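The lines below spell out each chain.
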Amino acid sequence: MNSLKTLYEPRVLSLRAEVENDHVLGEILAADASPVLVECFLLEWFARTPYLMQPTARWSRSAAEQCDALGLDAIARSFREHAAQEEVRASYVVRDARAVAQIVCIRCGISIDVAMLAERPTVVMRAYRVLNEEVLDADLPLGYAAIQYEIERVTSVLSLGLVIQAQRVLGADVADRLTWLRKRAPVGVERAALYASTLEKILDGMPEAAEQLAELGAGALDIYRHFLRDCVQAAKASARAITGERPSSPRSSQPEVCC
């Protein structure tokens, strides 16, 4: 994939490195992370993710139609494949959220309303939807490919790390109950490869599009990093409420207790 590596990747590598080394996200994957913090993060991430995912099938179909109009048949097929797969994903995420809520309830005696968590989208979550809508409204289906490429990459890496962390901190029996999380890493790798191939096709024919594609991909990745940070901050607030621990720094304006 020479054009992808030479024209696109150099423009996003620094931001990817920032996300991978983000100290806030690193707290969840740290070896000394508390079980309650990991549980609360998983709950926040699982509960909030359907809001981001829900329009994806529609977005992918819209991108496919735009590619049809441009005569980009192979790329349109890639988008339709993604749309078909996306139809069933949200239900699996909600199932994992309910599984974690049940685990917290059994262990801590606290009832958590997953539906309530899912119904409070943050500014960052809305920004992610707006970015995708604006790209497709502007007839930029190729930019949508860049957005999906970056999101699939980062979520597959994060999912793998969280599976390992869940097994280590929460135990194999808990990790085995997280169906969507365990499937997300390999599915994300496959999807990222699909979109990498799509971007390669685009750049082979339109190398001048590399800068715009990278700008959109990086923009989506930066939004998603802040989304994950929101989940961490909400998880920390919830973990403090569950354990009765005092915050070590002034409270942020992030969403409060999840229970």
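As a reminder, the structure under discussion sits directly above these lines.
Model, not experiment: these values are computed from the prediction.

Some details on the layout of surface pockets
Link 1 in the chain: Space inside the second largest pocket adds up to approximately 260 Å³.
Link 2 in the chain: If you trace the second largest pocket, you find 15 residues lining it, with V19, E20, V154, V157 and L158 closest to the centre.
Link 3 in the chain: Per-element tally for the lining of the second largest pocket: the top contributor is helix α10 (residues 141-170), with five residues.

Quick look at the pattern of salt bridges
Link 1 in the chain: Evaluated as defined, the whole model comprises eleven salt bridges.
Link 2 in the chain: Notably, a salt bridge pairs E150 with R16, separated by 2.8 Å at the nearest N-O pair. Of this pair, E150 sits in helix α10 while R16 sits in helix α2 (residues 13-20); the two residues are 134 residues apart in sequence, bridging distant segments of the chain.
Link 3 in the chain: For R16, a relative accessible area of 6% translates into the label buried.
Link 4 in the chain: Beyond isolated ion pairs, a larger network of salt bridges with shared partners links E9, R16 and E150.

Things to note about the side chain of Q148
Link 1 in the chain: By secondary structure assignment, the location of Q148 is in helix α10.
Link 2 in the chain: Residues contacting Q148, with those up to four places away along its chain left out, are T56, H82, Y128, N132 and Y195.

Structural notes on the packing of α10 against helix α13 (residues 210-243)
Link 1 in the chain: Across the interface, α10 lies against α13 with an axial gap of 8 Å and an inter-helix angle of 40 degrees. Compared by their axis directions, α10 and α13 come out oblique. Considering only the axes of α10 and α13, their crossing is right-handed. Contact with α10, carried on its side by L142, G143, A146, I147, E150, I151, V154, T155 and L158, involves L213, L216, G217, A220, L221, Y224 and L228 of α13 and no other residues of that element.
Link 2 in the chain: Counted by class, the contact of α10 with α13 contains twelve nonpolar, three polar and one charged residues.

A few points about the nonpolar core
Link 1 in the chain: Y8, W45 and F46 are the most contacted members of the largest nonpolar core, which totals 82 residues.
Link 2 in the chain: When residues no more than four places from it in sequence are discounted, the contact partners of W45 are T155, L158, S159, L162, W180, L181, Y224, F227, L228 and C231.

Quick look at the environment of S62
Link 1 in the chain: Looking at where S62 falls in the secondary structure, it is placed in helix α5 (residues 56-69).
Link 2 in the chain: Using a relative accessible area of 23% as the deciding quantity, one classes S62 as partly exposed.

Remarks on the packing of aromatic side chains
Link 1 in the chain: Inspection of the entire model under this criterion finds nine aromatic pairs.
Link 2 in the chain: On the basis of an interplanar angle of 50 degrees and a centroid distance of 5.6 Å, the ring pair of F79 and Y144 is categorised as tilted. Here the residue F79 occupies a position in helix α6 (residues 73-86), and Y144 occupies one in helix α10, the gap between them amounting to 65 residues. Both residues of the pair, F79 and Y144, belong to the buried class.
Link 3 in the chain: We note R129 situated over the ring of Y51; from NZ or CZ to the ring centre the distance is 3.7 Å.

So, the packing of helix α4 (residues 35-53) against α13
Link 1 in the chain: It is at 8 Å that the axes of α4 and α13 come closest, and there the two elements cross at 135 degrees. Accordingly, the angle class assigned to the pair α4 and α13 is oblique. The handedness of the crossing between α4 and α13 is right-handed.
Link 2 in the chain: The class makeup of the residues in the contact of α4 with α13 is 15 nonpolar, three polar and four charged.

Digging into the environment of L136
Link 1 in the chain: For L136, the position within the fold is in helix α9 (residues 123-137).
Link 2 in the chain: Residue classification places L136 among the buried positions, given a relative accessible area of 4%.
Link 3 in the chain: Each C-alpha atom of the pair L136 and W59 lies 7.4 Å from the other, and the pair is 77 residues apart in sequence.
Link 4 in the chain: When near neighbours in sequence (up to four residues on either side) are disregarded, L136 contacts W59, S62, A63, Q66, P141 and Y144.

About the thresholds
Residues numbered from 1 in each chain as written. Predicted model: local features only at pLDDT ≥ 70, side-chain atom pairs only at ≥ 80, totals over all residues. Heavy atoms only, no water. 1 Å grid on protein atoms, 1.4 Å probe; cavity = no way out; pocket = protein on both sides within 12 Å on 5 of 7 lines; lining within 4 Å. Points joined across faces, edges and corners; volume = space filled by probe spheres on them. Helix = DSSP H or I, 4+ residues; strand = E, 2+ residues; numbered from the N terminus. Salt bridge = Lys/Arg side-chain N within 4 Å of Asp/Glu carboxyl O. Buried < 20%, exposed > 50% of the residue type's maximum accessible area, 1.4 Å probe, protein only. Contact = heavy atoms within 4.5 Å. Axes fitted to C-alpha atoms, helices over the stretch in contact; angles between N-to-C directions. Parallel < 35°, antiparallel > 145°, perpendicular 65-115°, else oblique. Left-handed = near helix turned anticlockwise from the far one by under 90°. Nonpolar A, V, L, I, M, F, W, Y, C, P; charged D, E, K, R; others polar. Core = buried A, V, L, I, M, F, W, Y, C linked by side-chain atoms within 4.5 Å. Phe/Tyr/Trp six-rings, centres within 6.5 Å; stacked < 30°, edge-to-face > 60°. Lys NZ or Arg CZ within 6 Å of the ring centre and 35° of its normal.

By themselves, these observations are geometric and do not establish any function.
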